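Residues per chain, in single letters:
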Amino acid sequence: MYILFYSLSASIDFTMKQTLLLALVLFICGTPARAQQAPTKDQWEHPQFGRLHRVSMPVQNNATLQAEEYSLREMGRAPQFAKAIEVNYTPDNSGRWEEIAAGQSRWRLGVRSQGAYSLNFGFTGFYLPSEAEFFLINSRTAEKMGPFRSADNEDHAEFWSPIIESEEVVLEVILPTRQKTDLRLQLGFVNHDFVNLTQVRSSECHIDIICGQNNGYPQVENFRDVAQSVGLISIRGTSICTGFLVNNGKEDCHPYFVTARHCQSRASDAPSLVVYWNFQNSICRQPGSTANASPGDGKFDTFNTGMVQRSSNSNSDFTLLELDDPVVLDANAYFAGWNTLNQTPTGGVATVHQAGSEEKRFSYSTRSTYLGNWGAATQVSNGNHVIVPRWDIGSTEDGSSGAPLFNQQGQVIGQLHGGTALCGNTGYDSFGTWKASWNAGASLNTRLRDWLDPNRNALEQMSGRWHYECLNSILLDQENRSICGLVLPPGTFS
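Right, let's walk through the structure included here. (Residues numbered from 1 in each chain as written. Predicted model: local features only at pLDDT ≥ 70, side-chain atom pairs only at ≥ 80, totals over all residues. Heavy atoms only, no water.)

Here strand S14 (residues 239–246) lies mainly inside the structure; eight of its eight residues are buried. Of the two faces of S14, the one lined by Ser239, Cys241, Gly243 and Leu245 and the one lined by Ile240, Thr242, Phe244 and Val246 are each fully buried. Pairing geometry for strand S13 (residues 230–235) and S14, over six bridges, is antiparallel. Residue isoleucine 235 lies in a different strand from S14, and its bridge partner there is serine 239. Inspection of the sheet shows S14 paired to strand S15 (residues 256–260) by four bridges, in the antiparallel sense. Across the sheet, residue valine 246 finds its bridge partner in S15, namely tyrosine 256. (Buried < 20%, exposed > 50% of the residue type's maximum accessible area, 1.4 Å probe, protein only. Helix = DSSP H or I, 4+ residues; strand = E, 2+ residues; numbered from the N terminus. Pairing = 2+ DSSP bridges.)

This part is about the pairing of strand S4 (residues 96–101). Across a regular strand the side chains alternate sides, sitting on one face of the sheet and then on the other. Here S4 runs beside strand S5 (residues 104–112); their pairing, made up of five bridges, is antiparallel. Opposite glutamate 99, over in S5, you have serine 105 as the bridge partner. What sits between the antiparallel neighbours S4 and S5 is a turn of two residues, in which glycine 103 has the positive phi angle 75°.

In terms of nonpolar packing, the biggest core is built from 47 residues, with Val111, Phe121, Phe123, Phe134, Leu136, Leu171 and Leu187 touching the most fellow members. Once residues within four sequence positions are removed from consideration, valine 111 is found in contact with Val55, Met57, Leu119, Phe121, Glu167, Glu168, Val169, Leu171, Leu187 and Val190. Ile207, Cys211, Val352 and Trp466 belong to the second largest nonpolar core, which has 33 residues in total. (Core = buried A, V, L, I, M, F, W, Y, C linked by side-chain atoms within 4.5 Å. Contact = heavy atoms within 4.5 Å.)

The next point concerns the side chain of serine 166. Mapped onto the fold, serine 166 is located in the loop between strand S9 (159–160) and strand S10 (168–176). Within the structure, the side chain of serine 166 is placed 3.4 Å from the side chain of asparagine 138, a separation counted as a polar contact. In this structure, serine 166 is in contact with Ala116, Tyr117, Ser118, Leu119, Asn138, Ser139 and Arg140, ignoring residues within four places of it in sequence. (Polar contact = N/O pair within 3.5 Å; in protein donor to acceptor, adjacent residues only side chain to side chain.)

On to the sheet that holds S14, then. Within a sheet, adjacent strands bond to each other through the backbone by hydrogen bonds, running parallel or antiparallel. Reading across the sheet, the seven strands line up as S17-S16-S13-S14-S15-S19-S18 and stay open at both edges, with antiparallel pairing between neighbours. Each edge of the sheet is formed by a strand with only one pairing partner; in this case those strands are strand S17 (303–305) and strand S18 (307–313). Within this sheet the neighbouring strands show an average axis-to-axis angle of 30°, counted without direction. (Axes fitted to C-alpha atoms, helices over the stretch in contact; angles between N-to-C directions.)

Here the focus is the packing of aromatic side chains. In total, this model carries 22 aromatic pairs according to the counting rule given. Ring geometry for phenylalanine 126 against phenylalanine 159: centres 4.8 Å apart, planes inclined by 20°, an arrangement best described as stacked. With phenylalanine 126 in strand S6 (residues 119–127) and phenylalanine 159 in strand S9, the pair connects residues that are 33 residues apart, well separated along the chain. You can call phenylalanine 126 buried: its relative accessible area is 2%. Centre to centre, the rings of phenylalanine 279 and phenylalanine 300 are 4.2 Å apart; their planes meet at 35°, and the pair counts as tilted. Of this pair, phenylalanine 279 sits in the loop between strand S16 (274–276) and S17 while phenylalanine 300 sits in the loop between S16 and S17, and the two are 21 residues apart along the sequence. An identical accessibility class is assigned to phenylalanine 279 and phenylalanine 300; each is buried. One aromatic cluster is present, built from ring pairs that chain together Phe123, Phe126, Phe134, Phe148 and Phe159. (Phe/Tyr/Trp six-rings, centres within 6.5 Å; stacked < 30°, edge-to-face > 60°.)

Let us now look at unusual backbone geometry. Residue glycine 146 is joined to proline 147 through a cis peptide bond whose omega torsion reads 10°. One can find proline 147 in strand S8 (residues 144–148). In this structure, asparagine 332 takes a positive phi of about 50° despite not being glycine. Examined against the element boundaries, asparagine 332 turns out to sit in the loop between strand S19 (318–323) and strand S20 (334–335).

With that out of the way, let us pick up empty space enclosed by the protein. The gaps left among the atoms become clear once a water-sized probe is rolled over them. Under the defined criterion, the tally for this structure stands at three cavities of 30 Å³ or more. Of the pockets and cavities examined, the largest cavity occupies roughly 60 Å³. Forming the boundary of the largest cavity are Asp152, Glu154, His156, Glu158, Phe159, Trp160, Pro271, Thr305, Gly306, Asp324 and Asp325. For the lining of the largest cavity, the per-class residue count stands at three nonpolar, three polar and five charged. (1 Å grid on protein atoms, 1.4 Å probe; cavity = no way out; pocket = protein on both sides within 12 Å on 5 of 7 lines; lining within 4 Å. Points joined across faces, edges and corners; volume = space filled by probe spheres on them. Nonpolar A, V, L, I, M, F, W, Y, C, P; charged D, E, K, R; others polar.)

Its place among the elements puts isoleucine 85 in strand S3 (residues 82–89). For isoleucine 85, a relative accessible area of 7% gives the class buried. Each C-alpha atom of the pair isoleucine 85 and asparagine 191 lies 6.0 Å from the other, and the pair is 106 residues apart in sequence. Look past the residues within four positions of isoleucine 85 in its chain and what remains in contact with it is Met57, Pro58, Gln60, Ser113, Gly188, Phe189, Val190, Asn191 and His192.

So, about the state of the cysteines. By definition, a disulfide links the sulfur atoms of two cysteines through a covalent bond. Counting across every chain of the model gives four disulfides. Here cysteine 241 is linked by a disulfide to cysteine 263, with a sulfur-sulfur distance of 2.0 Å. Between cysteine 241 and cysteine 263 the sulfur-sulfur dihedral comes to about -80°; the bridge is accordingly left-handed. Pair noted here: cysteine 241 is in strand S14 and cysteine 263 is in the loop between S15 and S16, with a separation of 22 residues, a long-range link. In this pair, the class of cysteine 241 matches that of cysteine 263, namely buried. One disulfide in the model links cysteine 253 with cysteine 470; its S-S distance is 2.0 Å. Here the disulfide of cysteine 253 and cysteine 470 is right-handed, its torsion about the S-S bond being about 95°. (Disulfide = S-S within 2.5 Å.)

On the secondary structure map, threonine 238 appears in the loop between S13 and S14. The class of threonine 238 is buried, set by a relative accessible area of 11%. The contact partners of threonine 238, leaving out residues within four places of it in the chain, are Pro79, Gln80, Phe81, Ala82, Lys83, Ala84 and Asn191.

Every buried residue of helix H2 (residues 62–72) is listed here: Asn62, Thr64, Leu65, Ala67, Glu69 and Tyr70. Backbone nitrogen of alanine 63 and a side-chain oxygen of the N-cap are separated by 3.2 Å at the start of H2; the cap is asparagine 61.

This is the structure:
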């Protein structure tokens, strides 16, 4: 999706906005040098943790990075919010070990990227021994994220962190001294947030998902459950999109997750995906108000990290992924149903999305939809995209890509590829159809049906399901003591 610059008049067209902003930034900041400094190491006296070893990333120019990023934004490209800085730090070559009790050791390393609005980390080698605990500590607030434990180890041996709102973060491992040689913790990427992701301002026409009948938006009420399937995702800690959970023929809350292929196309990137649940505002900000276009109060503290790619196809621009772990209970998750039959329903369609990477928003259209192909609003009888000619309330924006398109029954009929829709215009949006994705290609790696109809029942539609319904149905696997993929402690049912 295109971005509408909040600081410039809506009457200026998009290309001119890009040019003006880039020229202004380069005038003020100068053209950035091509040569990049190497990270540096030093000692750091933290007021709470004492003397720490620290690595500092090369200094980044946020304004220049913003201008470069905005000049590249276009349909079919996931927006970038952070610059990846490739590194290679391990407990063997960096940081400091100390014995904190008999037989108990602790390793710490401070990581700084000056001027970063937030940091996140990509560990390209990750294995925690059975009794190890790993923390990410905000050096500004001393707030700890974690502990992460051996249950977070995955076959792909990667771990990608959520964002932390600080330019300095302390990495900490605590484990029995005898397990030090078993630890594998290789920091491969430090991702420097240059747009201030937690304070991004979207345009003023968007409808908070918490709005409803009492605020003049009764259309939202029918989509409250399916809205809980939607989450904001980051890819490789640098780009953002929208995605959603989907139900499958077994109705077992298996953590299948869909987004746009242009957001997630390479299977090798799937372990880096982090999905943030319930990232939404706590009050309804009326469209057109200053509050609506101001940063909200959503939190990034409910998340899942790591996925495996199952299938993908560029024609209808979908990617189906599977979360490494069950959906966290705090997500209050809903697994959306879907429909492969009527791809151009009447009576209104809706989408729930993370416009501009801001809190969750809602858009609704009563216009007649029709089939088309990517890149144009032209009607095509056998097209693999469904075209929403315009939105009646709300719109979409950068970060909305991958969002589900719902029919009146709350079933998914497609996912957002892109379009020209923005606040203040009557542009269209183009969604890859669920039907095209269902039967795409010649193998299970290119289509949906093998994964979402695993029993081969020739399903054509499916209702949605709440996560708690799976738990209440007590689908117990006696061998590994799990319900819907949630590992339970011994004695839970004794």
